[in-house]
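Results of the structural survey
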Amino acid sequence: IAAALGTRSIVLVGMMGAGKSTIGRRVAARLKLPFTDADTEIEAAAGMTIPEIFETHGEPYFRDGEARVIARILDSGPIVLATGGGAFMREETRNRIRDRAISIWLKADSDIIMRRVRRRADRPLLHTADPEATVNRLLSEREPVYQNADLTIASRDVPHDRIVDECLEAL
Ligand code: S3P
């Protein structure tokens, strides 16, 4: 697989809680490629956590920084990259990903997403009165766009290695 990829990277897209970082890290290990998490890189570049960036500068500022960081990471490929759930919504970012990588949509339903994000306070978009309604609205806005990824793998409650195997088989 690594040889067939050439200089292209693998980019995981999909909703928060879909498992992009967990699965991405394991896919990278299996392919002996470096793993990068876009959110972690954004936090390092800003010297702030993602909730702090949203609070201090607002979402549009975060999105601009996110697009720049992803462009820079893709230039350093080949790597496996986990992106934040909103990154693929920007056309410029989708085009860059299409040029330089194979994209995998880790598709998760709202039950799984809710279960996985409920435990954590680090998703500023879900700091709303009704997080479940927010997740459902984001899903309906985003799924038609995530569908443009090269590959789709269902993220569900099976051992991580099974999802990793499915990603590797699909590549
Ligand atoms: C976001 C998802 C988060 C993070 C930010 C916004 C989104 O990343 O980038 O909170 O718009 O869905 P994860 O998908 O890794 O949680």
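Residues numbered from 1 in each chain as written. Predicted model: local features only at pLDDT ≥ 70, side-chain atom pairs only at ≥ 80, totals over all residues.

**Quick look at the UniProt feature "binding site: ATP" (unreviewed entry) in the protein**
According to UniProt, the feature "binding site: ATP" (unreviewed entry) maps to Gly17, Ala18, Gly19, Lys20, Ser21, Thr22 and Arg123 in the numbering used here. Within the fold, alanine 18 resides in the loop between β1 (9-13) and α2 (20-31). Residue classification places alanine 18 among the buried positions, given that 26 C-beta atoms sit within 10 Å. When sequence neighbours within four positions are dropped, the list of residues in contact with alanine 18 reads Leu106, Ala108, Ile113 and Ser155. Secondary-structure assignment places arginine 123 in the loop between α7 (110-118) and α8 (131-146). Residue arginine 123 is classed as partly exposed on the basis of its C-beta count, with 19 C-beta atoms lying within 10 Å. Setting aside chain neighbours within four positions, we find arginine 123 in contact with Met16 and Val117. (UniProt positions renumbered as here; feature names shortened; annotations may be inferred. Helix = DSSP H or I, 4+ residues; strand = E, 2+ residues; numbered from the N terminus. Buried ≥ 20, exposed ≤ 12 C-beta atoms within 10 Å, placed from the backbone. Contact = placed C-beta atoms within 7 Å.)

**Description of the site of the ligand**
Around the ligand sit Met16, Lys20, Asp39, Ile50, Gly84, Gly85, Gly86, Arg123, Pro124 and Leu125, and those are all the residues in its vicinity. Looking at the shell around the ligand residue by residue, the classes come out as four nonpolar, three polar and three charged. (Near = placed C-beta within 6 Å. Nonpolar A, V, L, I, M, F, W, Y, C, P; charged D, E, K, R; others polar.)

**Remarks on the pairing of β1**
Of all five residues making up β1, five are buried, and the element is well covered by its neighbours. Residue alternation in β1 divides its side chains into two sets, Ser9, Val11 and Val13 and Ile10 and Leu12, and both sets are buried. Direction of pairing for β1 relative to strand β4 (residues 101-107): parallel, over a ladder of five bridges. In the strand pairing of β4, leucine 12 is matched with isoleucine 104. Where β1 and strand β3 (residues 80-82) come together, three bridges link them in parallel fashion. When the sheet's bridge partners are listed, isoleucine 10 is paired in β3 with valine 80. (Pairing = 2+ DSSP bridges.)

**Details of the nonpolar core**
Counting 35 residues, the largest nonpolar core has Leu12, Ala38, Ile104 and Leu106 as the members making the most contacts within it. Elements represented by at least two residues in this core include exactly β1, α2, α3 (38-46), α5 (59-75), β3, β4, α8 and α9 (160-170). In contact with isoleucine 104, not counting residues within four places along its chain, are Ile10, Leu12, Ala149, Leu151, Ile153 and Cys167. (Core = buried A, V, L, I, M, F, W, Y, C linked by C-beta atoms within 7 Å.)

**Concerning the pairing of β4**
Where a strand is regular, its side chains alternate between the two sheet faces. Of all seven residues that make up β4, six are buried, and the element is covered over most of its length. For β4 and strand β5 (residues 151-154), the ladder comprises four bridges, and the chain directions are parallel. Residue isoleucine 104 lies in a different strand from β5, and its bridge partner there is leucine 151.

**Quick notes on the environment of glutamate 166**
Assignment of secondary structure puts glutamate 166 in helix α9. Taking C-alpha positions, glutamate 166 is 9.1 Å from alanine 154, a pair spaced twelve residues apart along the chain.

**Digging into the sheet that holds β3**
Within the open sheet, the five strands sit side by side as β2-β3-β1-β4-β5. Their pairing is parallel. With partners counted over all chains shown, the strands left at the sheet margins are β2 (35-37) and β5, one partner each. Pairs of neighbouring strands in the sheet enclose a mean axial angle of 25°, with direction left out of account. (Axes fitted to C-alpha atoms, helices over the stretch in contact; angles between N-to-C directions.)

**Side note on the confidence of the model for the protein**
Segments scoring low in pLDDT should not have their predicted coordinates read at a detailed level. Confidence along the protein averages 95 in pLDDT terms, with 100% of residues attaining 70 or more. As a predicted assembly, this complex carries a pTM of 0.96 together with an ipTM value of 0.97. (pLDDT = per-residue confidence, 0-100.)

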